[in-house]
Protein chains: 2
Amino acid sequence: MAPLGRIPEATVARLPLYLRGLDAFPVGVTATVSSDELADLAGVNAAKVRKDLSHLGTYGTRGVGYDAAFLRFQISQALGVANVWPVVVCGMGNLGRALANHTGFTDRGFPVVAATDSDPDKIGTVVDGVPVHAPGELGDIVRRLGVAIGVISTPAEAAQGTADALVAAGVTSIMSFAPTVLSAPDEVEIRSVDLATELQILGFHLHRDRIAGDS
Amino acid sequence: MAPLGRIPEATVARLPLYLRGLDAFPVGVTATVSSDELADLAGVNAAKVRKDLSHLGTYGTRGVGYDAAFLRFQISQALGVANVWPVVVCGMGNLGRALANHTGFTDRGFPVVAATDSDPDKIGTVVDGVPVHAPGELGDIVRRLGVAIGVISTPAEAAQGTADALVAAGVTSIMSFAPTVLSAPDEVEIRSVDLATELQILGFHLHRDRIAGDS
DNA sequence: AGCCTCTTGTGAACTGATGCACAAGGTGTC
DNA sequence: GACACCTTGTGCATCAGTTCACAAGAGGCT
Ligand SMILES: NC(=O)c1ccc[n+]([C@@H]2O[C@H](COP(=O)([O-])OP(=O)(O)OC[C@H]3O[C@@H](n4cnc5c(N)ncnc54)[C@H](O)[C@@H]3O)[C@@H](O)[C@H]2O)c1
Ligand SMILES: NC(=O)c1ccc[n+]([C@@H]2O[C@H](COP(=O)([O-])OP(=O)(O)OC[C@H]3O[C@@H](n4cnc5c(N)ncnc54)[C@H](O)[C@@H]3O)[C@@H](O)[C@H]2O)c1
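Nothing here was measured: the structure is a model prediction, and the numbers come from that model. (Residues numbered from 1 in each chain as written. Chains lettered and ligands numbered in written order. Predicted model: local features only at pLDDT ≥ 70, side-chain atom pairs only at ≥ 80, totals over all residues. Heavy atoms only, no water.)

Caption draft 1: Layout of the site of ligand 2. Neighbouring ligand 2 are 24 residues, the closest being N94, L95, D117, K122 and T154 of chain B. Chain contributions to the surroundings of ligand 2 come from chains A and B. Measuring from an oxygen atom of ligand 2, one finds a side-chain N or O atom of K122 of chain B at 2.8 Å. In this structure, an oxygen atom belonging to ligand 2 sits 2.7 Å away from a main-chain N or O atom of T154 of chain B. For the shell around ligand 2, the secondary structure elements donating two or more residues are α5 (94-101) of chain A together with α5 (94-101) and α8 (156-168) of chain B. For the shell around ligand 2, the per-class residue count stands at 13 nonpolar, 8 polar and 3 charged. (Near = heavy atom within 4 Å. Polar contact = N/O pair within 3.5 Å; in protein donor to acceptor, adjacent residues only side chain to side chain. Helix = DSSP H or I, 4+ residues; strand = E, 2+ residues; numbered from the N terminus. Nonpolar A, V, L, I, M, F, W, Y, C, P; charged D, E, K, R; others polar.)

Structure (structure tokens):
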């Protein structure tokens, strides 16, 4: 119904999964997909799929399902995947290099256009097609290349400084891998990916099960 | 109150953050920390800190705060961080190498003890101290080294097969980076870290702001 | 001792998300 | 045209998590 009414955060987080699920349907071929099928493809349940899609509009046909191509178009539209958002990787270490070398990002509209690193041996080099600059040039890079998203893969100690520099340069979207809390103005969106924490959550459940197993 | 009553999932996910925040307090020195301070250190709000900690027990002192060392001990206890959970990295590519080379995991009780890869050139080599084996040896590795957690950093196509092999070997905790849905028995916990999806969520908000900006 | 100040622990309201269950509405068949 | 059969869209109940607000307790000061 609502062509662009507020979309719940939880729904936004699932739209990319639906889009990925729709890759199972060849482009150009007319095909319909039911909420049940799409639920399987995205790893969620069917009721959620229908409720999520209803936030975008009523694009399904009762008794039939959704037109795969049209649905793909609508979700793409809602997510704004037609846009290309250039990314700068800050900290070209082990993780930064893996990210820069990853093709999956460019494919989805997030090309890594530049990197920074404080190591003099790395500055000025080009790694996997990505030029590495000094951290001080960050503001310049952002302006010159129209960077929209900053990735922080520096050591934890340098993360806050890097975030500050990104914000100062006008970047409002940050993905950080540093295991530390970052502060930034409210209008800046920070997504923190903390792998050690993920492992600790797995560890908690293992620990729990072990205790439950004894008796 | 409840020494080990069910701890809400959302709380479990934050306990590692509190533990990290407590690193700001030197070991061996008696210090108290208030829910306000800890909230800052962990990047959440104070009410949440208090409610979360109340699930572990009443370890605070009204009017004073929490004893930092004792609190650290109690959270560690709840999370079971005294345990060491050996990890196997499946897929020693760009990402797998970064993970294997990362010291932060070993420090927290998650040593990467082995890896697998299907590339004949990599099998038999040792990368950053981690021996690389053929995928077929996975079951053997798990049993021999007591692997508790499997990390999937293979291409998406190989992810399900790798998950199946892990499950067959008795691994019940999996962290996957492959952009695909994995199916496994209910008792297996899978945490899927999907970086492209994270970027798309950032992209959605950028897109939204851009639309709102025009008028 | 009495009082003041501080911070915890928690009941209760609120918010957001989930999942059920079914009417509404479309397709195809007889 | 009527009927049988699907699958969507959604109202509603439920659940988990968050936030508020304050009484209960602890320490310190006079
Ligand atoms: N490697 C992993 O698998 C992994 C896993 C989880 C978390 N992390 C986190 O990601 C971050 C990076 O990890 P890594 O393994 O790549 O570390 P790394 O040490 O290999 O790389 C860090 C890089 O950042 C550079 N750097 C330092 N200060 C900088 C600055 N001010 N500006 C720009 N660059 C700077 C260093 O020169 C180095 O090249 C760390 O915070 C780490 O805790 C890494
Ligand atoms: N590199 C990144 O920054 C990044 C970011 C997001 C997601 N991912 C995902 O993580 C996964 C790995 O990414 P990558 O960049 O390291 O890819 P990569 O191609 O560099 O590495 C994949 C490795 O897996 C090995 N492999 C293939 N089949 C295997 C099997 N059956 N068993 C064991 N090993 C096997 C390959 O030989 C290769 O070494 C992919 O699914 C990718 O989509 C990577």
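So much for the structure itself; the text now carries on.
Caption draft 2: Broad picture of the protein's contact with DNA strand D. Around DNA strand D sit 27 residues in total, of which S35 and Y66 of chain A together with R14, N45 and R62 of chain B are the nearest. Atoms of DNA strand D within 4 Å of the protein belong to the sugar or the phosphate in 66% of instances, the rest to bases. G60 of chain A places a polar main-chain atom, nitrogen or oxygen, 3.0 Å from a phosphate oxygen of DNA strand D. By residue class, the composition of the surface near DNA strand D is 7 nonpolar, 11 polar and 9 charged.

Caption draft 3: Quick look at the nonpolar core. Formed by 49 residues in total, the largest nonpolar core has its most connected members in M92, I149 and F177 of chain A together with I149 of chain B. With near-sequence residues (within four places) excluded, F177 of chain A lies in contact with L95, L99, V151, I152 and V193 of chain A together with L195 of chain B. I7, L71, A78 and L79 of chain B belong to the second largest nonpolar core, which has 26 residues in total. (Core = buried A, V, L, I, M, F, W, Y, C linked by side-chain atoms within 4.5 Å. Buried < 20%, exposed > 50% of the residue type's maximum accessible area, 1.4 Å probe, protein only. Contact = heavy atoms within 4.5 Å.)

Caption draft 4: How the structure looks around the packing of helix α2 (residues 35-42) of chain A against helix α3 (residues 46-54) of chain A. Residue and element names in this part refer to chain A. In the contact formed by α2 and α3, the axes pass within 8 Å of each other and the chain directions differ by 105°. Relative to α3, α2 is oriented roughly perpendicular. Residue-level contacts link S35, D36, L38 and A39 of α2 to A46, V49, R50 and L53 of α3. For the contact of α2 with α3, the residue count by class is 5 nonpolar, 1 polar and 2 charged. (Axes fitted to C-alpha atoms, helices over the stretch in contact; angles between N-to-C directions. Parallel < 35°, antiparallel > 145°, perpendicular 65-115°, else oblique.)

Caption draft 5: The arrangement of the protein's contact with DNA strand C in detail. Residues in close proximity to DNA strand C total 27 residues, the closest being N45, K51 and R62 of chain A together with S35 and Y66 of chain B. Counting only atoms of DNA strand C within 4 Å of the protein, the sugar-phosphate share comes to 65%. Between DNA strand C and R14 of chain A there is a distance of 2.9 Å, counted from a phosphate oxygen to a side-chain nitrogen or oxygen. Of all the elements in the fold, those that place two or more residues in the surface near DNA strand C are α1 (9-21) and α3 of chain A together with α3 (46-54), β2 (60-61) and β3 (65-67) of chain B. Residue composition of the surface near DNA strand C, by class: 7 nonpolar, 11 polar and 9 charged.

Caption draft 6: Layout of the relation of the copies chain B and chain A. Laying chain B over chain A is done by rotating through 180° and shifting 0.0 Å along the axis; what remains is an RMSD of 0.0 Å. Here the copies are linked by what is in effect a two-fold axis. With an isologous cut-off of 70% or more, the 98% of interface residues of chain B that recur at the interface of chain A puts this contact in the isologous class. (Least-squares fit on C-alpha atoms with pLDDT ≥ 70 in both.)

Caption draft 7: Up close: the site of ligand 1. Around ligand 1, the structure places 24 residues, and the nearest of them are N94, L95, D117, K122 and T154 of chain A. The local environment of ligand 1 is shared, drawing residues from chains A and B. At 3.1 Å, a side-chain N or O of S118 of chain A approaches a nitrogen atom of ligand 1. In the complex, the protein chains occlude 81% of the 820 Å² of accessible area that ligand 1 would expose alone. (Areas by Shrake-Rupley, 256 points an atom, 1.4 Å probe, with all protein chains shown as cover.)

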